[in-house]
Amino acid sequence: MAEQVNQRIEGMINELEQMRRTNLYEDDEIREISRKRKEFEYKIQRRIKEKSDFVQYIAFELALLEDISLRRKQAKLGEKKKDIEYAIAKRLNKVFKQFIFRFQNDIAIYFEYIKFCQAVGFDYAVSAIIDQMLRVHGDKPKTWQLASKWESKEQNNLENARNFLLKGIHRHPNSDILYLDLFDIELMIAFKTEDETEKAKNFKRADVVWRNGMKNIPDVNYLFKLCDISLRYGVNEDISNSIKQEIWNRRSEKRVWSYIASKELEGYHWKDIEEYVSEEFSYSKELNYYIAVYEEALMQFPDENLSTMYIHGLLGLKDNLCTDLQKICAVKQAWFFSHENGLLSNDMYVFGIKMLKLEGEITETQLTEVLDTALAKNPLYRYLWEEKILLHKNDEDVILKTLKDATKILKTDDVRCLWNFVFDNIESHMVFKNCYSKLQSCESVVFMTLKPTLLKKMYEHNGLKAARQVYEECIRTPPTQEEVHSIMIDIEMNQEKPSLKNVRKCYEALVQHHGKSNIKVWMDYINFEQKYGNAQAVPSIHRRAIGMLDKNSVDDFIKAQTLAKLN
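Residues numbered from 1 in each chain as written. Predicted model: local features only at pLDDT ≥ 70, side-chain atom pairs only at ≥ 80, totals over all residues. Heavy atoms only, no water.

Peer 1: Describe the packing of aromatic side chains, listing the residues and the values that go with them.
Peer 2: For the coordinates displayed, the defined rule picks out 20 aromatic pairs. Considering the side-chain rings of Phe96 and Tyr113, the 4.9 Å spacing of their centres and the 10° angle between planes classify their relative orientation as stacked. Taken together, the residues span a long stretch of sequence, with Phe96 in helix α5 (residues 85-102) and Tyr113 in helix α6 (residues 107-120) at a distance of 17 residues. The pair formed by Phe96 and Tyr113 is uniform in burial state, with each residue classed as buried. Where Tyr294 meets Tyr310, the ring centres are 5.0 Å apart and the plane angle is 15°; that geometry is what we call stacked. Residue Tyr294 is found in helix α15 (residues 285-300), and its partner Tyr310 is found in helix α16 (residues 304-315); the two are separated by 16 residues along the sequence. Each member of the pair Tyr294 and Tyr310 is classed as buried. (Phe/Tyr/Trp six-rings, centres within 6.5 Å; stacked < 30°, edge-to-face > 60°. Helix = DSSP H or I, 4+ residues; strand = E, 2+ residues; numbered from the N terminus. Buried < 20%, exposed > 50% of the residue type's maximum accessible area, 1.4 Å probe, protein only.)

Here you go:
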């Protein structure tokens, strides 16, 4: 193995020498290139070969080719390409051949090899690679498709492309991609043929191809793709109309309606849908057809996803089909149609309610009706409850009734979020106070989690006295979050003349509830007394902390105190 590797390395000497002579690379760079190549050669020559070794070697050489190209451009250097780039490409070609021979079951290698040959101009080698690939991987439709595309796109040989596809279909009679490509090729050949008789024959072949495919491929998506291809060429109405009719015959499938609707917007018309068109809308004929198709489809297939597709399609209308005002009207019409038939998803409710409020064309009564209808269908959707509360944010009775109804249905987390929403949006101080009283009768988990928010909002709405009252109620019914005490301390300290007595009372409650394992509450209490209160009380607080903290926290507290004194 070592002898073989050395021979290969010796074969690279001229190439490396030319790199040096042309000043593309410095001596140390060339030594590194040589070292890396020797390392890769040993790896791909050893008895147990790894796929990653070939991948890394090929990647290294391809990167080197790119780097050489870049350096040539920078130096404006053109000579010795045959001695350098061509030599690298020839060696890479040999490495690829070894790679495929060793791992011929991996189809991805063939694709990469073909890309490489195209990139370095070895087009003559591609046909042989494809033949080898088909011998090994002819059981995969994609390989026949690749062979056909090579002949049609790169070699401009449609006859060879057709033959590859025919052979592929013979082996894979249920492959939609092969039938679709063959249909495309037959139309392409027909389009390029000038003789009318030959043209007619080729159209006939195309007609036979799609019909044979339909016998073996029941999926309606196959027909959609055939229709797209035929409409793109637009050279033979008989074929297009036959495919369109076949699609219409499958209208018992939901997907057919959305496909036809999208094609109507593109100007491809199905006469069968004209019976569903309403004359009351002054839209373009394409838009009228689109609306008619979807509304009939939704009557036959009451489905949220179909409704969403209907509305999204209208939102994406092109400017040449309607004015902005017509688009808004069409979207509203579609939204209300879906709402009235109970077909809106939660996301569509959010979109529609925001749209209607933004337009300012919906009355409070109408919005109430929309929300009540939506809640009857989606009672677990918190957004709808929030919108109802927002609509009546100054009506205490409606808010409390809405909260009561929602609490019976929503999960605990959603109930908590709904109460938070209420407190964030209520503007009336009295309504806020009454809602707070009502909240106290809620389950303890909800009330507990809302305590910090309540305290803040009560202060904002009703002032210091009300906040102190809420705080007293909070600490009388433990447990309380540390945040409750911190908020009350901040409120007290932010007064023009802070009451140190009340602040101290908060700290006492804080250490009482959280002083067993939290050294920070003691540190904060001590810091308060040193800065604002009575510094003589600090030793007493220190002793109480040591006595109350659990054993694991005492050492941390003493260390923290010591560091605080040093600072």
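The discussion continues.
Peer 1: Now, about the side chain of Ser258: what can you tell me, with residues and values included?
Peer 2: Of note, Ser258 is situated in helix α14 (residues 254-265). Among the residues examined, Ser258 registers a relative accessible area of 12% and is labelled buried.

Peer 1: Can you explain the domain arrangement of the protein? Please cite residues and give values.
Peer 2: Frequently, the measure chosen for interface size is the accessible area removed from exposure when the parts meet. Taken domain by domain, the protein holds domain 1 (1-137) and domain 2 (140-250). For domain 1 versus domain 2, the separation of C-alpha centres amounts to 39 Å. Taken together, the 11 residues of domain 1 in the interface contact 10 residues of domain 2. Taking both sides of the interface into account, the surface hidden between domain 1 and domain 2 amounts to around 990 Å²; carbon and sulfur atoms contribute 70%. Considering only the surface of domain 1 that becomes buried against domain 2, Ile130, Leu134 and His137 emerge as the three largest contributors, covering 48% of it. Scanning the region where domain 1 abuts domain 2 turns up 2 residue pairs in polar contact (both at pLDDT 80 or more). The set of elements that each furnish at least two residues to the side of domain 1 that touches domain 2 consists of α6 and α7 (126-137). By residue number, the principal contributor to the side of domain 1 that touches domain 2 is α7, which donates 6 residues. (Domains from an automatic or database assignment. Contact = heavy atoms within 4.5 Å. Buried area = accessible area lost by both parts, 1.4 Å probe. Polar contact = N/O pair within 3.5 Å; in protein donor to acceptor, adjacent residues only side chain to side chain.)

Peer 1: Account for helix α27 (residues 519-531), with residues named and values stated.
Peer 2: Each α-helix turn comprises 3.6 residues. Residues three or four places apart therefore point the same way. For α27, with 13 residues, the first-to-last C-alpha span of 19 Å sits near the 18 Å given by 1.5 Å per residue. Along α27, the residues classified as buried are Val521, Trp522, Met523, Tyr525, Ile526, Phe528 and Glu529. The backbone nitrogen of Lys520 lies 3.0 Å from a side-chain oxygen of the residue at the head of α27, namely Asn518. (Expected span 1.5 Å × (residues − 1).)

Peer 1: An account of the environment of Val208 is needed here, citing residue identities and associated values.
Peer 2: With respect to the helices, strands and loops of the structure, Val208 is situated in helix α11 (residues 196-216). Given a relative accessible area of 38%, Val208 falls into the partly exposed group.

Peer 1: Quick one: what's the story with the confidence of the model for the protein, residue by residue and with numbers?
Peer 2: Per-residue confidence for the protein averages 85 on the pLDDT scale, and 94% of its residues sit at or above 70. Per-residue pLDDT, averaged within each element of the protein, yields its smallest value for helix α1 (residues 2-10) (65) and its largest for α14 (96). (pLDDT = per-residue confidence, 0-100.)

Peer 1: Explain the nonpolar core residue by residue, including any values.
Peer 2: Of all hydrophobic cores here, the largest spans 176 residues; its most connected members are Met19, Phe183 and Ile247. At 11 residues, helix α24 (residues 444-476) tops the list of elements feeding residues into this core. Summarising the domain contributions, this core has at least three residues from each of domain 1 (1-137) and domain 2 (140-250). Filtering out sequence-adjacent residues up to four positions away, Met19 remains in contact with Leu24, Tyr25, Ile30, Ile33, Arg37, Leu64, Ile68, Ile84 and Ile88. (Core = buried A, V, L, I, M, F, W, Y, C linked by side-chain atoms within 4.5 Å.)

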